[in-house]
Amino acid sequence: MSGPLRGRGAGALPALGLLLLLLLGSPATPGITCPTPTSVEHADIQVKNYNINSRERYVCNSGFKRKAGTSSLTQCVFNETAKVAHWTTPNLKCISAYQYNPSVMTAVSTPVAVVFVVCLVFLLVRCLRSRRAHQTPGVEMEHMESVPMTMGADARGEDTEIHLYGLGGSGDAEASSGRSEGPALPQPERT
């Protein structure tokens, strides 16, 4: 034998064997396999290999998704103290794909609420303006009641008849021609 192993003989083989054992796993577990993995809510697992050091992944059911920050990975390991093989406990959380997200609701509900309030204020302003336009001021009504409705005088001092839809007088073409659009009122007799 020549080369680097010359003179060392059998001492090199145990070191090489130990290195292989560390890389390939413990030979003390031949034939030992893991049991069925633990169940995870809203997830399934399809195990292809139950042997020590095998790795498997859980998959969230339809309608669910993996929560960020959790892992779907599990591994078959051998507990040297208890001499038992088991799967590592996954920290997987499967959440509804349609789960309520408060940050999205806040982002959507704030503009909707602002638009609603603006529309409400607009409608209130329009309603108030409309009511004011259709309301007859009380001062004018008092003035109208004190003016006699049968006879009056125009600016020139001439006596004129006051009609319901026209004020009458010599300058009122409607009143002088007798073409009033309102209902005919009985005319007082002139003396």
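Note that the coordinates shown come from a computational prediction; the quantities given were computed from them, not determined experimentally. (Residues numbered from 1 in each chain as written. Predicted model: local features only at pLDDT ≥ 70, side-chain atom pairs only at ≥ 80, totals over all residues. Heavy atoms only, no water.)

For this particular structure, what's the right way to read the overall build of the chain?
Of regular secondary structure, the chain possesses 4 helices and 8 strands. When the elements of the chain are put in sequence order from the N terminus, they spell out α-β-β-β-β-β-β-α-α-β-β-α. A separation of at least 24 residues holds for 36% of the contacts in the chain among residues at least 6 apart in sequence. Approximately 15500 Å² of the chain is accessible, and the part contributed by carbon and sulfur atoms is 60%. (Helix = DSSP H or I, 4+ residues; strand = E, 2+ residues; numbered from the N terminus. Contact = heavy atoms within 4.5 Å. Areas by Shrake-Rupley, 256 points an atom, 1.4 Å probe, with all protein chains shown as cover.)

Explanation requested: the side chain of Thr 70 in the structure shown.
In this fold, Thr 70 is placed in the loop between β3 (64-66) and β4 (73-79). Here Lys 67 takes part through its backbone oxygen, which lies 2.7 Å from a polar atom of the side chain of Thr 70. Apart from the residues lying within four places of it in its own chain, the contact partners of Thr 70 are Asn 91, Leu 92 and Lys 93. (Polar contact = N/O pair within 3.5 Å; in protein donor to acceptor, adjacent residues only side chain to side chain.)

Is there a simple way to explain the packing of aromatic side chains in this structure?
In this description, a pair of aromatic rings is defined by centroid distance and the angle of the planes. On inspection of all chains with the given rule, the structure shows 1 aromatic pair. Plain terms: the ring middles of Tyr 50 and Trp 87 are 6.3 Å apart, the flat faces sit at 70 degrees to each other, and that makes the pair edge-to-face. Of this pair, Tyr 50 sits in the loop between β1 (43-45) and β2 (55-60) while Trp 87 sits in strand β5 (residues 84-87), and the two are 37 residues apart along the sequence. Given a relative accessible area of 34%, Tyr 50 falls into the partly exposed group. (Phe/Tyr/Trp six-rings, centres within 6.5 Å; stacked < 30°, edge-to-face > 60°. Buried < 20%, exposed > 50% of the residue type's maximum accessible area, 1.4 Å probe, protein only.)

Explain the sheet that holds β4 here, please?
Pairing between the strands of a sheet is mediated by backbone hydrogen bonds and can be parallel or antiparallel. If you walk across this open sheet you meet the 4 strands as β1-β2-β4-β5, and the pairing is antiparallel. Looking along the sheet, the strands with just one partner apiece sit at the ends: β1 and β5. Averaged over all adjacent pairs, the angle separating strand axes in this sheet is 25 degrees, with direction ignored. Sheet analysis places β2 next to β4, joined by 3 bridges and oriented antiparallel. Its bridge partner being in β4, Arg 55 is matched across the sheet by Gln 75. (Pairing = 2+ DSSP bridges. Axes fitted to C-alpha atoms, helices over the stretch in contact; angles between N-to-C directions.)

Would you take a moment to explain the confidence of the model for the chain for this structure?
Close inspection of predicted coordinates is inappropriate for parts of the model with low pLDDT. Model confidence for the chain is summarised by a mean pLDDT of 73, while 50% of its residues fall at 70 or above. Across the chain, element-level confidence peaks in β2 with a mean pLDDT of 95 and bottoms out in helix α4 (residues 173-177) with 49. (pLDDT = per-residue confidence, 0-100.)

Sorry if this is basic, but what is going on with the state of the cysteines here?
Working definition of a disulfide: a covalent bond connecting the sulfur atoms of two cysteines. Within the structure shown, the criterion is met by 2 disulfides. In this model, Cys 34 is linked to Cys 76 through a disulfide, with the two sulfur atoms separated by 1.9 Å. A torsion of 95 degrees about the S-S bond marks the disulfide between Cys 34 and Cys 76 as right-handed. Placement of Cys 34 in the loop between α1 (12-24) and β1 and of Cys 76 in strand β4 is noted, with a sequence separation of 42 residues between them. Across the pair, exposure class does not vary: Cys 34 and Cys 76 are buried alike. The disulfide bridge from Cys 60 ends at Cys 94, spanning 2.1 Å between sulfur atoms. One disulfide, between Cys 60 and Cys 94, carries an S-S torsion of -80 degrees and so falls in the left-handed class. One end of the pair, Cys 60, is in strand β2; the other, Cys 94, is in strand β6 (residues 94-96), and 34 residues separate them in sequence. Exposure remark for Cys 94: the relative accessible area of 10% places this residue in the buried category. When the cysteines engaged in disulfides are numbered in sequence order, the chain pairs them as 1-3, 2-4. (Disulfide = S-S within 2.5 Å.)

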